[in-house]
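Fold and geometry: a report
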Amino acid sequence: MRIAVTGAAGGLGGRVVQLLAGRDSVDVVAMTRRKLPTEALPAQVEVAVADYADPPALRAALKDVDTLVFVSSDGPDARMLLHHRNVVAAAAAERVGHVAALSSVDADMASPFCYAVVNRLTEDLLLASGVPYSFARASLYIEFFQSWLTEARATGLLRLPAADGRISLVARDDVARALAALAVGEPTGRHHDITGPEVADLAGIASVMAEAWETPVAYVDIPADTYCAETAATGLDPWWLYAFSSMFASVREQRWDRVCNDYTRLTGRLPLALRDVLSAQVREPDAAERANNDAQWGQLKRCRGA
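Owing to the predicted nature of the structure, the values given are computational and were not obtained by experimental measurement.

With that out of the way, let us pick up the pattern of salt bridges. Following the criterion strictly, the structure yields 16 salt bridges and no others. A salt bridge links Asp 124 to Arg 120; the shortest N-O distance between them is 3.5 Å. With Asp 124 and Arg 120 both in helix H4 (residues 114-129) and four residues apart, the pair spans about one turn of that helix. Take Asp 124: its relative accessible area is 31%, and that puts it in the partly exposed class. The partly exposed category is assigned to Arg 120, whose relative accessible area is 29%. In this structure, the salt-bridge partner of Glu 211 is Arg 275, at a minimum N-O distance of 3.6 Å. Here Glu 211, found in helix H7 (residues 202-213), pairs with Arg 275, found in helix H11 (residues 274-283); they are 64 residues apart in sequence, far enough to count as distant.

What follows deals with unusual backbone geometry. Trans is the prevailing form of peptide bonds, just as negative phi is the prevailing case for residues other than glycine. Even without being glycine, Arg 95 reaches a positive phi, approximately 55°. Tracing the backbone through its elements, the reader meets Arg 95 in the loop between helix H3 (77-93) and strand E5 (98-104).

Turning to the nonpolar core, a few remarks are in order. In terms of nonpolar packing, the biggest core is built from 77 residues, with Leu 20, Phe 145, Trp 148 and Leu 158 touching the most fellow members. Excluding its chain neighbours within four sequence positions, the residues that come into contact with Phe 145 are Leu 140, Leu 160, Ile 167, Leu 169, Leu 202 and Phe 248. In this structure, Ala 50, Ala 57, Phe 70 and Ala 90 belong to the second largest nonpolar core, which totals 26 residues.

Note on placement: Phe 70 falls in strand E4 (residues 67-70). Along the chain, Phe 70 and Ala 48 lie 22 residues apart, while their C-alpha atoms are 14 Å from each other. Among residues more than four places away in sequence, those in contact with Phe 70 are Thr 6, Tyr 52, His 84, Val 87, Val 88, Val 99, Ala 100, Ala 101, Leu 102 and Thr 122.

This brings us to helix H6 (residues 172-183). Under the 1.5 Å per step criterion, the end-to-end length of H6 is 17 Å for twelve residues, consistent within 8% with the ideal 16 Å. Burial analysis of H6 places ten of its twelve residues in the buried class, the great majority of the element.

Taken together, seven strands build an open sheet; the order of strands is E3-E2-E1-E4-E5-E6-E9 and the sheet is parallel. If you trace the sheet from one side to the other, it starts and ends with strand E3 (46-49) and strand E9 (191-194), each paired once. Mean inter-strand twist for the sheet, computed between neighbouring axes without regard to direction, equals 20°. Packing of H3 onto the sheet brings it into contact with E4 and E5, and relative to E4 it is tilted by some 175°. Those strands touched by H4 are E4, E5 and strand E6 (133-138), and its axis lies near 160° from that of E5.

For the rest of this paragraph, the subject is the packing of aromatic side chains. According to the stated counting rule, one finds 14 aromatic pairs in the structure shown. Ring geometry for Tyr 227 and Phe 248: centres 5.6 Å apart, planes at 70°, overall edge-to-face. On the criterion of sequence distance, the pair formed by Tyr 227 in helix H8 (residues 224-232) and Phe 248 in helix H9 (residues 238-252) is long-range, its members being 21 residues apart. Grouping residues by exposure puts Tyr 227 and Phe 248 together as buried. Joined through ring pairs, the aromatic side chains of Phe 144, Phe 145, Trp 148, Tyr 227, Trp 240, Phe 244 and Phe 248 make up one cluster.

Time to look at the environment of Asp 108. Looking at where Asp 108 falls in the secondary structure, it is placed in the loop between E5 and H4. For Asp 108, a relative accessible area of 28% puts it in the partly exposed group. Setting aside chain neighbours within four positions, we find Asp 108 in contact with Ala 116, Val 117, Arg 120 and Arg 255.

Looking now at the side chain of Asp 193. Residue position: Asp 193 is located in strand E9. Asp 193 gets classed as buried once you look at its relative accessible area, which sits at 8%. If sequence neighbours within four positions are ignored, Asp 193 has contacts with Arg 137, Arg 258, Cys 260, Asp 262 and Tyr 263.

A few words on the pairing of E4. By the alternation rule, side chains of E4 split into Thr 67 and Val 69 and Leu 68 and Phe 70, which are all buried. For strand E1 (residues 2-5) and E4, the ladder comprises three bridges, and the chain directions are parallel. Of the residues in E4, the one forming a bridge with Val 5 is Val 69. Where E4 lies against E5, four bridges are found, and the strand directions are parallel. Across the sheet, residue Thr 67 finds its bridge partner in E5, namely His 98.

Quick notes on the rules
Residues numbered from 1 in each chain as written. Predicted model: local features only at pLDDT ≥ 70, side-chain atom pairs only at ≥ 80, totals over all residues. Heavy atoms only, no water. Salt bridge = Lys/Arg side-chain N within 4 Å of Asp/Glu carboxyl O. Helix = DSSP H or I, 4+ residues; strand = E, 2+ residues; numbered from the N terminus. Buried < 20%, exposed > 50% of the residue type's maximum accessible area, 1.4 Å probe, protein only. Core = buried A, V, L, I, M, F, W, Y, C linked by side-chain atoms within 4.5 Å. Contact = heavy atoms within 4.5 Å. Expected span 1.5 Å × (residues − 1). Pairing = 2+ DSSP bridges. Axes fitted to C-alpha atoms, helices over the stretch in contact; angles between N-to-C directions. Phe/Tyr/Trp six-rings, centres within 6.5 Å; stacked < 30°, edge-to-face > 60°.

So, in structure tokens, the structure goes:
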């Protein structure tokens, strides 16, 4: 079986490549926007340079591919959707037999979250293409929240505009395992919700964090306009400020309040809980710093996730 993976240079796509490269009878094509150092991926993996904005390169990378693991593009939503159109068109043109696509629990045209809309439109593109599919609708990543949790660890306050919104945070590695499991199976023709094992509001997340990191932390719900003003003052790019703000609007609407056992059905494993991930970082301090640096920008683009 020949399996291609987009976004193979990123944290999620790279992990999917690693998981698939260890399987018998699987040839992996790592699709990246730029050439990578030879040591960046397993030696047996074929690398194809194919930018999301380059349809001919996408088609060349997908030639003779049986299954595509479609990890989302990033950046402004209009550009992201154009990239996704290119990928779907290339998969259809090359008659790829199965697309295992990353999406998000909040894949809904009615959502205030900009990437939720992109994810739903991408699902619709695949449905219309006729390419057999499976969707992994992921919840928000633990690693994505790492930047806010790390800041709260230093200040003692988790200040976010989430009201009493509840989230089932999921480990990025679990999302990668779900995508890898879908990739080696037959197309399911449905979506699979990939969530953590429990839901919690931000006060609950702060409590788990305080216990795991042995640091007092309290959640403070702040108005959305206060969050925007304070975050803009840090110099954050306006696009990301909009993306973060729209995500918290979806959290306030309880769009991430969901626990599902699809992950266990796909992988035979139990999903990691927030407490597990944070406690492991106490035992391995460097891991927390790496996760924070990785999460600061990279994780929102996968929220579909993201």
